[in-house]
Amino acid sequence: GHYVTCVDKDPAKIDMLNNGEIPIYEPGLSKLVRKNKSLKRLDFTTNLKEAIKETEAIFIAVGTPTAADGVSADLSAVYAVAREIAEHLDHYAVIVTKSTVPIGTNLEIQRIISEINPDLEFDIASNPEFLREGNAIGDFLEPDRVVVGITSDHARFIMGQLYSPLRENGTPILMTTPQSAELIKYASNAFLATKISFINQMADLCEVVDGDIDDIAVGIGLDKRIGSQFLRAGPGYGGSCFPKDTRALTKTGDDVNMPITIIEEVINVNVRRKQSMAERIKIALGGDVKDKKIGILGVAFKPNTDDMRDSPALDILPKLVEWGADVHAYDPVAMKEAKHLMKDGIKWCDFRDQVIKDADCIALVTEWEEFLDLDMIAIKELMKHPIWIDLRNAYETDDFKNLGFNYHSIGRMPILNYKNADQLQNELKKKA
Ligand code: UGA
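A brief structural summary. Just so it is clear, the structure is predicted and the values come from calculations on it, not from any experiment. (Residues numbered from 1 in each chain as written. Predicted model: local features only at pLDDT ≥ 70, side-chain atom pairs only at ≥ 80, totals over all residues. Heavy atoms only, no water.)

With that out of the way, let us pick up the site of the ligand. Neighbouring residues of the ligand: 19 residues in total, closest Leu131, Glu133, Lys185, Asn189 and Arg392. Between Leu131 and the ligand, the recorded distance is 2.7 Å, taken from a backbone N or O atom to an oxygen atom. Within the side chain of Asn189, one N or O atom sits 2.7 Å away from an oxygen atom of the ligand. Contributing elements (two or more residues each) for the shell around the ligand: α9 (178-209) and α11 (242-255). (Near = heavy atom within 4 Å. Polar contact = N/O pair within 3.5 Å; in protein donor to acceptor, adjacent residues only side chain to side chain. Helix = DSSP H or I, 4+ residues; strand = E, 2+ residues; numbered from the N terminus.)

Laid out in structure tokens, this is it:
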């Protein structure tokens, strides 16, 4: 029921949005934007001065990518917007930071605005977001919690009003200090990343001791204190958040002489993991990929997004090309983005079957829904050698048992039913 005007300095983006087109791939968003635009509750403009007239709350929601030093968050866009707001704002408002920002940033925003516009009455609030790409609408409308860091009762009141529809639905609203709100965001992402690096190391252990990582995840996840989510073993976490936020958290720790060594190791495990995935494919092919046709299904960092940032595919595909493989890749939505990032040597296919036809092996890198229910018998006919490497444990191993494939997954015993089975088994043992 609120009235929202969104501002961006990129006129092309604003034109697209005003026409109901969304510059990113996010399921359901286009429909929601069109609906609210037609109800005149939502508008898009490049004119910040006009947009902030008569507002009660102004959200800063710009990117905070990793800075040139490779670890810190680059806050230049956040501070630039804060300065612009300060120059134009002429009435009380709460200036809310949605961007993921290190501890102390909200207080710095407050200082910058007071310096530029000393007579302005305003409050700041830190209001981190916990949306997942691909699931953003659901996560926004039914969040586990809303976190708000404030320094005044007035800001508490306005932010409480703003989120009252969620509170009425039973969503816990945690009011705290800006510093704590900022840290809650980083600590949440760092904890989830820790779960993933943990389960990935357990998966490596399973491969040596004949365990089954899916059973391990269920077995530990049933303990309510641990919880079952974010225990899917895979090729390592990617995306625009976990890699960047874990790095920024360690930087914060280092800056105040309080190293966050757990997270340093979580990062190291993940970096090594992404780098080791190409090697798995090589081993599954008997130790040499030269001139072999390798079909890659999915390159986005996860399904339901076209985001390629820090995707494991960025480590895997170039490595295979470097080793002389004939790499064919297909992704339902991320190929445009992927082509910019991986220019050389990859054959991008418009259809899934182009990847599969005459392939020496298939590697599933991103578990898009359209890859989950495939006719494996028909696929086997199309392939040159039925070798399947599933980096997401997207299938049951049993499903491959009687199909004559060699099926390799993560943290589970491989199924070796194809003719090179003995040789490959030896390779795998040696590697382990
Ligand atoms: C993440 C958080 O989940 C959101 O709560 C947060 O708001 C967001 O970052 C952010 O800071 O903006 P997102 O990056 O969209 O969301 O994606 P996730 O669904 O968390 O997945 C991140 C990576 O972890 C993906 O590469 C995914 O494949 C991997 N992952 C996830 C696993 O390998 N195993 C799992 O069990 C879960």
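With that settled, consider the sheet that holds strand β4 (residues 93-97). If you walk across this open sheet you meet the five strands as β3-β4-β5-β6-β7, and the pairing is mixed. This sheet does not close on itself; its edge strands, each paired only once, are β3 (57-60) and β7 (173-176). For this sheet, the mean inter-axis angle between neighbouring strands, taken without regard to orientation, is 25°. In this sheet, β7 lies alongside strand β6 (residues 146-150) in parallel orientation, the contact comprising four bridges. For Val146, the partnering residue across the bridge sits in β7 and is Ile173. On top of the sheet, helix α5 (residues 105-116) reaches β3, β4 and β5 (122-126); it is set at about 160° to β5, its chief contact. The strands touched by α9 are β5, β6 and β7; relative to β6, the strand with the most contacts, the crossing angle is about 145°. (Pairing = 2+ DSSP bridges. Axes fitted to C-alpha atoms, helices over the stretch in contact; angles between N-to-C directions. Contact = heavy atoms within 4.5 Å.)

Moving on, we come to the packing of aromatic side chains. What the rule picks out here adds up to 11 aromatic pairs. Here Phe400 and Phe405 contribute two aromatic rings whose centre-to-centre distance is 5.3 Å and whose plane-to-plane angle is 85°, an arrangement assigned as edge-to-face. A connected cluster of aromatic rings, assembled from ring pairs, spans Trp388, Tyr395, Phe400, Phe405 and Tyr407. Sitting above the plane of the Phe130 ring, Arg145 keeps its charged end 3.6 Å from the centroid. The ring of Trp323 has Lys282 sitting right over it, with the charged end atom 4.0 Å from the ring centre. (Phe/Tyr/Trp six-rings, centres within 6.5 Å; stacked < 30°, edge-to-face > 60°. Lys NZ or Arg CZ within 6 Å of the ring centre and 35° of its normal.)

With respect to the helices and strands, the residue Phe44 is situated in strand β2 (residues 42-45). Measuring from C-alpha to C-alpha, the distance between Phe44 and Pro178 comes to 28 Å, with 134 residues separating the pair along the chain. Residues within four places of Phe44 in sequence aside, it is in contact with Cys6, Ile14, Leu17, Asn18, Val33 and Lys37.

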